[in-house]
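# Structural overview for review
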Amino acid sequence: MYRWSLPACLCVALFVTGCGEPPNKEMDQAQGAIDAARAVGADRYAAAEFTSATDALTRARQAVTERDYRLALSDALDSREHAQNAAREAADTRARLRGEVERLTTEVSLLLEQVEKVLAAAEKSRAPRHTLRQHRDSVTAATTSLQEARTAVAAGDYTAATNTLTGTKDRIAAVITAIDTLTAAQTPRRRR
């Protein structure tokens, strides 16, 4: 019995001493993972997972102040895992949004070309000039919005670019419809 009790006591002593110190290394790793996740935009593109990571690290620090090192270790490991998940989710979301922005940019560019042709045709017809001037102003504003979206993309803000491009696309489509309606009303009907 004595042979087994000495190793058991040593194991218990090692376990108690292992839990007798704060998990600084794990907390530093969690903080590093959070910083890395923030650097790839997880605070914006994976907000829920990122918040879970920061909350878990806060709980780990609180557990250290309460000298509950096992809980602190568990929370630090949880924090690191959430931060790593947030970084992956942010990268996936950014890639998806970048693809969507590229698609929308192409659509808006094509619509701008189309509206220029429609406007040119309407200017040759007998359409009211002041109405065409309003539509021309809308096209100019849409061109400016396209440039703003490109600036947002360059800054890595795909959400703002998507919102800008979606609104611009809708405005250009409305202008095309309005000009087509105006042009159709100006076209004289032929007698049969």
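Everything below is about the structure printed above this text.
Bear in mind that the values here come from a model prediction, so they are computed numbers and not experimental data. (Residues numbered from 1 in each chain as written. Predicted model: local features only at pLDDT ≥ 70, side-chain atom pairs only at ≥ 80, totals over all residues. Heavy atoms only, no water.)

## Section: unusual backbone geometry
In this model, R67 sits at a positive phi of 60°, which is unusual for a non-glycine residue. The topology assignment puts R67 in the loop between α4 (47-65) and α5 (69-124). (Helix = DSSP H or I, 4+ residues; strand = E, 2+ residues; numbered from the N terminus.)

## Regarding the packing of helix α2 (residues 24-39) against α4
What describes two packed helices is the angle between their axes and the distance between those same axes. Interaxial distance between α2 and α4 falls to 10 Å at its minimum, and their mutual angle equals 155°. By the angle between their axes, α2 is roughly antiparallel relative to α4. For the crossing formed where α2 meets α4, the hand is left-handed. Each of M27, A30, Q31, I34, A37 and R38 in α2 lies in contact with α4, whose residues at this interface are F50, A53, T54, L57, A60, R61 and V64. (Axes fitted to C-alpha atoms, helices over the stretch in contact; angles between N-to-C directions. Parallel < 35°, antiparallel > 145°, perpendicular 65-115°, else oblique. Left-handed = near helix turned anticlockwise from the far one by under 90°. Contact = heavy atoms within 4.5 Å.)

## Re the pattern of salt bridges
For the structure on display, the rule yields nine salt bridges. D75 is the partner of R59 in a salt bridge, and the nearest nitrogen-oxygen pair spans 3.8 Å. Here R59, found in helix α4, pairs with D75, found in helix α5; they are 16 residues apart in sequence, far enough to count as distant. For R59, a relative accessible area of 40% puts it in the partly exposed group. On the accessibility criterion, D75 (9% relative accessible area) is buried. Where R103 meets E107, a salt bridge forms, and the shortest distance between an N and an O atom there is 2.8 Å. In this pair, R103 and E107 are both assigned in helix α5, four residues apart and thus about one turn of the helix distant. (Salt bridge = Lys/Arg side-chain N within 4 Å of Asp/Glu carboxyl O. Buried < 20%, exposed > 50% of the residue type's maximum accessible area, 1.4 Å probe, protein only.)

## Looking at helix α6 (residues 129-154)
In an α-helix, one turn spans 3.6 residues, which is why side chains three or four residues apart end up on the same side. Here α6 contains 26 residues, and its C-alpha end-to-end distance of 37 Å stays within 8% of the 38 Å for a straight helix at 1.5 Å per residue. Those residues of α6 not exposed but buried are T131, L132, H135, V139, A142, S145, L146, A149 and A152. Note on α6: the residue one or two positions beyond its end, G156, has a positive phi of about 85°. (Expected span 1.5 Å × (residues − 1).)

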